[in-house]
Amino acid sequence: MPTDVTATTPDKWTDKPTRSRSEAFASMRYIALKLISAIPMILGVITVNFILIHLAPGDPVSILVGETEPTPEQLAALYAKMGLDQPLWKQYIDYLFGILQGDLGYSYVLQRDVVDLIVDRIPATLTLMLTSLIVFTIVGVALAVYVARKPKSAGDQAGSFLAVLGYSIPAFWLAQIILLIFALELRWFPSNGMVSSRHMYEGWDYFVDLLHHLVLPAFVLGMRYLAINFRYARAAMRDALSQDYITAARAKGLSERRVLFHAYRNGILPVITVFGLNLTDILAGSVLTEIVFGWPGIGRLMYDAMYARDYPLLMGIFVFVSIGIILTNLVIDIVYSLFDPRVRQQ
Amino acid sequence: MSMTYSAPKPVRPTFRASVAKLHLNTSSTIAIAVLIGMLLFAFLLPLALGTPNAMGDLSFGPPSLAHPMGTDDLGRDVFTRFAYGARSSLSVGILAALTASIIGISIGAIAGYSRGIVDIALMRVSELFQVIPRFFLALLVIAIFGSNIMFIILTIGLLGWPEVARITRGEFLSLREREYVMAAQTIGQSKRKIIFSEILPNAMPPLIVAMTMQVSSAILLEAGLSFLGLGDPSNPSWGLMLNEAQQFLTRAWWMAVFPGLGIVITVAALNVFGDHLTDVLNPRLKGAH
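The present account deals with the structure reproduced in this document.

Conventions and cut-offs
- Residue numbers here run from 1 along each chain, matching the order of that chain's written sequence.
- Chains and ligands are labelled sequentially in the order written, the chains with letters from A and the ligands with numbers from 1.
- Since the coordinates come from a predicted model, pLDDT governs what is reported: local features require at least 70, and pairs of side-chain atoms require 80 or more to be given and counted, while whole-chain, interface and lining totals use all residues.
- Starting at the N terminus, helices and strands are each numbered in turn, a helix being any DSSP run of H or I of at least four residues and a strand any DSSP run of E of at least two.
- Partly exposed residues are those falling between the two cut-offs: more than 12 but fewer than 20 other C-beta atoms within 10 Å of their own, whereas 20 or more means buried and 12 or fewer means exposed, with C-beta atoms placed from the backbone.
- C-beta atoms are placed from the backbone for every residue, and two residues are taken to be in contact when these atoms lie within 7 Å.
- Any residue that is not Ala, Val, Leu, Ile, Met, Phe, Trp, Tyr, Cys, Pro, Asp, Glu, Lys or Arg is counted as polar, Gly included; the first ten are nonpolar and the last four charged.
- We define a nonpolar core as a collection of buried residues of the types Ala, Val, Leu, Ile, Met, Phe, Trp, Tyr and Cys that are connected via C-beta atoms lying within 7 Å of each other.
- Axes here refer to lines fitted to C-alpha atoms; in helices the fit is confined to the stretch in contact. Angles between the N-to-C directions go from 0 to 180 degrees.
- Should an angle fall under 35 degrees it is called roughly parallel, over 145 degrees roughly antiparallel, and 65 to 115 degrees roughly perpendicular, with every other angle called oblique.
- By definition, any crossing whose near helix is turned counterclockwise from its far helix by less than a right angle is left-handed, and any crossing with a clockwise turn is right-handed.

Turning our eyes to something else, we now look at the overall build of chain B. The helix and strand tally for chain B stands at ten helices and zero strands. Listing each helix as α and each strand as β along chain B from the N terminus yields α-α-α-α-α-α-α-α-α-α. Considered along the principal axes of its C-alpha atoms, chain B spans approximately 80 × 45 × 45 Å. Looking at chain B as a whole, 46% of its 289 residues qualify as buried. Counting contacts in chain B only where the partners sit at least 6 residues apart, residues at least 24 apart contribute 69% of the total.

With that out of the way, let us pick up the interface of chain B and chain A. Counting residues at the interface gives 35 residues for chain B and 39 residues for chain A. Elements that contribute at least two residues to the side of chain B that touches chain A include exactly helix 4 (116–131), helix 5 (134–145), helix 8 (191–227) and helix 10 (253–281) of chain B. Partitioning the side of chain B that touches chain A into residue classes produces 26 nonpolar, seven polar and two charged.

Let us now look at the nonpolar core. Grouped together as the largest cluster of nonpolar side chains are 160 residues, with contacts concentrated most on Ala175, Leu314 and Ile317 of chain A together with Ala138, Leu139 and Leu140 of chain B. The contact partners of Ala175 of chain A, leaving out residues within four places of it in the chain, are Val220, Thr289, Val292 and Phe293 of chain A.

Okay, helix 9 (residues 238–245) of chain B next. The buried count for helix 9 of chain B comes to eight of eight residues, which makes it a mostly enclosed element. Listed in full, the buried residues belonging to helix 9 of chain B are Trp238, Gly239, Leu240, Met241, Leu242, Asn243, Glu244 and Ala245 of chain B. Check the buried side of helix 9 of chain B and you find it contacts helix 8 (171–185) of chain A together with helix 3 (78–114), helix 8 and helix 10 of chain B.

So, about the packing of helix 5 of chain B against helix 6 (residues 149–175) of chain B. Angle between the axes and distance between the axes are the two parameters that describe a pair of packed helices. All names here are of chain B. Where helix 5 contacts helix 6, the axes come no closer than 10 Å and their chain directions differ by 150°. Here helix 5 lies roughly antiparallel to helix 6, going by the angle between them. Judged by the twist between their axes, the crossing of helix 5 over helix 6 is right-handed. Of helix 6, the residues touching helix 5 (which contributes Arg134, Leu137, Ala138, Val141, Ile142 and Phe145) are Phe151, Ile152, Thr155, Ile156 and Leu159. A class-by-class count of the residues in the contact of helix 5 with helix 6 yields nine nonpolar, one polar and one charged.

A few words on unusual backbone geometry. Its identity as a non-glycine residue notwithstanding, Gln111 of chain A has a phi of 55°, on the positive side. Locating Gln111 of chain A in the fold gives a position in the loop between strand 1 (106–107) and strand 2 (112–113). Gln111 of chain A gets classed as exposed once you count the C-beta atoms within 10 Å, which come to 10. Positive phi is not limited to glycine here, since Arg115 of chain B has a value of about 55°.

In structure tokens, the structure reads:
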């Protein structure tokens, strides 16, 4: 008679109890609920955008076309696509399905599809954001773990001061000052762009050139990550260090390093969620940083679109970024629930 | 004979007692002093100074006795513009925070007091507004509808309400179960009276913290928008000054340094003050920040 071995014997090797079926079910249910809850959010973003097009002064077609002079064929095509003679709900449904199929509109200024324009800029923005995120999250968390042992020490005070500054400095102003000192006065780093335009580097040299351009903008953006991570990791570490299991670990006579590691594992999880919650602010900072440093990412694209009154592109970026934030938060929630089963019980 | 019940008048705490309750330490005292100083500076000094747009003979003059913050490309006194900038930035910050608070408190109060389906619906809407990138939406709205200062205040205020609403809702959910609220319901007080005179005053402490944070984030948001050239040109703010400074970075560092310092000092003081209030009002979190 075949029996389900895994369900009855505990896993000896990892010393952890096996996951019961109901737990697996709770986990699936949680993920499904999260997925479903993202749908109204995405619809909401698209609706906000639709309302803006129709609330704008003038007729929607002239808003989308802006100051460009499209060919009569293009105009006729746009009128047909928007279906302005149709009832509003029909226009809305068509607009909605267009976006869900990846149609973010057409830029009449740049004569290209909005999706292609955005996709072209994603690598630059991600390079800047991710480098900065990884480096300064590590620095911020490490700093927090380091000072958590000695509250009110000089290091703790200095870290907190730095965190307040990181929260209070407008990214674009820090960018201006850093640019002024390190690029324009000292000339240690280039002031503009992602790679040198004068030389065409390849291979390793290209990488070094990119890194050279990356230092200043990544630092400016990183101050914010540093502040956020330091602040929350410090609070989480403090909280974790005051728990009973830490007292127990100390009572067992574990070295202070092992004790800290115990606290660290539990103290660090909130940092992931905090990142998701701060994502909108971080993106705003990244747009402004890109603009000051001439970094060819989505922020710079948005700035150019603003000056050219390229509304389809502006709106496309808004929808794209909003959906990106919703999906990132969704992934964070799911990953978090895998790490911390308590979340799934809610 | 009808009897009307009226609650005994609460004893008003003295000013000194209120200050003692704040448990001021060095950093929060400095923060409060900076904030009061900045408010006086912003709202009194422009009265004594000339117009911010008066052009002098000296363009790009470095800081001197006559022009403590130098002059800009058009020979205008940067110090005068800084003072007017303080007025614009602080006004936008405070008015936008007020707008956000009025909307947020109303929505949060309705959600928390009525619970059920109304609560769920309102909280879903507030979640949507929390994930929407505020800066991008504000930029889009102002680019389409034009940059007039009232409009900027309204836009920033309309985008800030969800945080206030969530805190208000949380407070209302817990406070409405208290005995004094039940007592008020038992003696037949109207819903409005219960919300405004029983629950709201007790929900105020965390809301004051939230409003402080609203002011600082509104100042930063306005600065970012103005820096992109979306500010109201007739009301020079610190962000607008930084926008003008960008193209003259190497020629006139003072055009960029002073307005930026104004923003950093004000926002940092607000954040320190807000953190301190959080610590004082929520002893469980004491020392967490």
